[in-house]
Amino acid sequence: MTIRQALFSTAAAIGLAVLSGAMLAASPPPAQAQPAKAPAIDSDDIGGVVSGPKGPEAGVWVIAETTDLPTRYIKIVVTDDQGRYVIPDLPDANYHVWVRGYGLVDSAKMRAKPGQILNLAAVPAPNAAEAAHYYPALYWFSMMKIPPASELPEGVTLAKWRQRMNNTDCVGCHQLGQESTRTIPAQFGHFDSGAEAWQRRTQSGQAGDLMTNRLAGELGGVPYKYLGDWTDRVAKGELPKHKPSRPAGVERNLVITAWEWSTPDKYLHDLVSSDKRNPTVNAGGKLYGSTEYSTDNIPILDPKTNEVSFFKLPTPPEAPVALGPGHAGAMTPLQPSAYWGDRALWDTKANNHNSMFDGQGRLWLTATSRGMDNPAWCKKGSDNPYAQVFPLDKSERQIAVLDTKTMQYTNIDTCFTTHHPQFGFDADNTLWTSGTGQVAGWIDTKVWDETHDAQKAVGWAPFVLDLNGNGKLDEFTEPGKPETGKDMRINTGSGPYAVMPNPKDGSIWYTSGTFGGRPGFLRFDPKTKLSEFFELPKDAIGVRGGDIDSNGVVWGSASNGSLISFDRSKCKAPLNGPKATGDHCPEGFAMYKYPGPGFDAFPNSSAEASYYTWVDQHDAVGLGKDVPISTANLEDGFVALKDGKMILMRIPYPMGFYAKGLDARIDDPNAGWKGRGLWSASGDRTPWLNELGKGARPLAVHIQVRPNPIAD
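Residues numbered from 1 in each chain as written. Predicted model: local features only at pLDDT ≥ 70, side-chain atom pairs only at ≥ 80, totals over all residues. Heavy atoms only, no water.

### Examining the pattern of salt bridges
Right, so step 1: Applying the stated criterion to the full structure yields 36 salt bridges.
Right, so step 2: With its nearest N and O atoms 3.1 Å apart, the salt bridge here joins D169 to R214. With D169 in the loop between α4 (158–168) and α5 (170–173) and R214 in helix α7 (residues 208–218), the pair connects residues that are 45 residues apart, well separated along the chain. (Salt bridge = Lys/Arg side-chain N within 4 Å of Asp/Glu carboxyl O. Helix = DSSP H or I, 4+ residues; strand = E, 2+ residues; numbered from the N terminus.)

As structure tokens, this is what we get:
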């Protein structure tokens, strides 16, 4: 080519480029392909725009993580409709920042510091299998087949099967469907079938005997076949039929902060942040964990300094190791764990199931302080007035109080077993507990503070129906033996599971019959000592955790994949008398389907297995007053019902988040969204099954709701 030819070619190329530019200017690309302007940020924020091959990526998560602080710290936000994000109020540290979202695979982790604009490139999933890797456990769990009734052992109905596989047993302890549970650990070796693999798997660790008794005993071994078929199909490449939607609407306004705490080999049951009656108690203060069967060392998180400390719950030397109901559980694992081998991880004596703050900022714990045999004042022959009405011989767990200022720990003996504690709204600050069996049990904390005498402060009463309808507690008969003119004690089956003091009228409500007996809502009137029972509709199957709103409507996590409510004010039939025995107010119930797909056999339901429901009576979260919020145990977070619509609040990293309880706190009522939020902890009994694997520690999480996705 000559110089002239070269110049001509260059000129022609420039001309074509100019012409092309003019044509492009005349025909602008679609708006979604135009880069969005980065949002404004402060010096403690990281912000930017997330873009994919087709333009801005809306409704995807941006995750910032650091290990520079005293414990692993994670903050997560969602992009707006222009792909913009702002991760606000970050402690000074170096962060890895990346994008995660449905339809994507994780982007490369970029290093960033607060005060930096960081635009990120989203990476589309190359195929359906890679995309499904990030789906919540629910989408995988719903692939499981349901056995026909003809295969179930005698006495086991499909309803009982669903309850046991749902929020009572299997998903009552683990998030089934996460990657670790939809696959079989290689450490177990080779099996001829998935059923054999599951028989081996469920013998692992200290709960192996309990799992085996449930699956092989109560359910006749049938679950092994269907769990095995499920994991066999997953291993062969079968994928979920349904795809999750990206966060939309209010779901994009969430700011999620997570801290690791506790230790890698110990699970947490719960945490507490404030007094439910007054969520400004302990404002900005430390969070206290409940470790249930795992350890006596409760973790304490300071969210201001990001530091984790521990407090060992004192127990007398003669107290037994408490590894489960009735002190069940093995000190030696039935079979080795794929992660921990023959190590016995659980060693608690205190067995702190739950804790609650009082108005003074003291922590009240349901914790064991002695053996199961009750003191004489609880038993028959005692002059204690409660024992004379209904003596109690044994209790597995009592009460303790921790002064969080002095860290002085005091045991309080109770004749009844304790489980969940809640303070009433009376002047005596009465502490009510669940787990009490066939009685309502309470502690008058005013009397306790004045006397430190458990016999004077502790009281209990059997659950008795006003069968003669006179509004008074009279002589009563035993359950199922009505007599004219007498009241009748009610058999509550496995007894109260959740306890719910009613702020409107002072009555005490419970979810009841969770593990056995008729499931329903149970009401106890402290003034009359009379009870009422409202049995759940049959299609609800069962109920686990529940709470009450400020109007007296009770809410609970049903076993059929629904949030269930009961409004006593809607009852048309008499609330006492010979016909008020449980099925006398069907009109009081309502059910709201949780999000997500159902099993093929029940396509109009959700396979979600919610463990607990809590009601925000004070708008401490930021979604509104009296909004019920359930744990979404198979969707990595929580689900709230607001104005008839379900709002998902997912913790997408690390995958496998599973909560057993929640509460909320208002740190500063004048700080808007920044001064309030939901608090919870990961509660899966096997925290090493989450995305981070062995070495991962349980999480404490804080969820805040800002006015828009880029508010800082």
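So that's the structure; there's more coming.
### Quick word on the confidence of the model for the chain
Right, so step 1: Summary statistics for the chain give a mean pLDDT of 93 and a share of 94% for residues scoring 70 or more.
Right, so step 2: By mean pLDDT, helix α1 (residues 3–26) is the weakest element of the chain at 33, and strand β3 (residues 61–66) is the strongest at 99.
Right, so step 3: Low pLDDT (under 50) marks residues 1–32, which in the prediction has 6 contacts with non-local residues, meaning those over four places away or in another chain. (pLDDT = per-residue confidence, 0-100. Contact = heavy atoms within 4.5 Å.)

### Focus on the layout of surface pockets
If a probe as big as a water molecule is rolled over the atoms, it shows which places are left empty.
Right, so step 1: Looking at the second largest pocket, its volume works out to about 420 Å³.
Right, so step 2: In this structure, the second largest pocket is lined by 20 residues; those nearest its centre are K75, W259, P303, H702 and Q704.
Right, so step 3: Those elements that place two or more of their residues in the lining of the second largest pocket are β4 (73–78), β12 (254–260) and β42 (699–705).
Right, so step 4: The leading source of residues in the lining of the second largest pocket is β12, at 3 residues.
Right, so step 5: Along the lines of polarity and charge, the residues of the lining of the second largest pocket split into 8 nonpolar, 5 polar and 7 charged. (1 Å grid on protein atoms, 1.4 Å probe; cavity = no way out; pocket = protein on both sides within 12 Å on 5 of 7 lines; lining within 4 Å. Points joined across faces, edges and corners; volume = space filled by probe spheres on them. Nonpolar A, V, L, I, M, F, W, Y, C, P; charged D, E, K, R; others polar.)

### Some remarks on the state of the cysteines
Right, so step 1: Counted according to the given criterion, the structure contains 2 disulfides.
Right, so step 2: In this model C378 forms its disulfide with C415; the gap between the sulfur atoms is 1.9 Å. Because the torsion about its S-S bond is -70°, the bridge between C378 and C415 counts as left-handed. Of this pair, C378 sits in the loop between β18 (363–367) and α9 (385–389) while C415 sits in the loop between β20 (408–412) and β21 (421–423); the two residues are 37 residues apart in sequence, bridging distant segments of the chain.
Right, so step 3: C415 gets classed as buried once you look at its relative accessible area, which sits at 0%.
Right, so step 4: For C571, the disulfide goes to C585, at an S-S distance of 2.1 Å. Handedness here is read from the sign of the S-S torsion; for C571 and C585, about -100°, the answer is left-handed. Linking C571 in the loop between β34 (562–566) and β35 (589–593) with C585 in the loop between β34 and β35, this pair joins segments that are 14 residues apart in sequence.
Right, so step 5: Of the residues examined, C571 reaches a relative accessible area of 16% and is grouped as buried.
Right, so step 6: With a relative accessible area of 2%, C585 lands in the buried category.
Right, so step 7: With cysteine numbering restricted to those in disulfides and following the sequence, the chain has the pairing 1-2, 3-4.
Right, so step 8: Note on C170: no disulfide assigned, nearest cysteine sulfur contributed by C173 at a separation of 8.5 Å. (Disulfide = S-S within 2.5 Å. Buried < 20%, exposed > 50% of the residue type's maximum accessible area, 1.4 Å probe, protein only.)

### Here we look at the packing of aromatic side chains
For any pair of aromatic rings, the description consists of the separation of the ring centres together with the inter-plane angle of the planes.
Right, so step 1: If you walk through the whole model with that rule in mind, you get 33 aromatic pairs.
Right, so step 2: Considering the side-chain rings of W161 and Y226, the 6.3 Å spacing of their centres and the 80° angle between planes classify their relative orientation as edge-to-face. Note that W161 is positioned in helix α4 and Y226 in helix α8 (residues 222–235), a separation of 65 residues in sequence.
Right, so step 3: What makes Y226 buried here is its relative accessible area of 7%.
Right, so step 4: Consider the rings of F534 and F566, whose centres lie 4.5 Å apart with planes at 35°: the pair is tilted. Taken together, the residues span a long stretch of sequence, with F534 in strand β31 (residues 531–535) and F566 in strand β34 at a distance of 32 residues.
Right, so step 5: On the basis of relative accessibility, which here comes to 0%, the residue F566 falls in the buried class.
Right, so step 6: Pairwise contacts between aromatic rings join Y386, W432, W442, W460, F463, Y510 and F524 into one cluster. (Phe/Tyr/Trp six-rings, centres within 6.5 Å; stacked < 30°, edge-to-face > 60°.)

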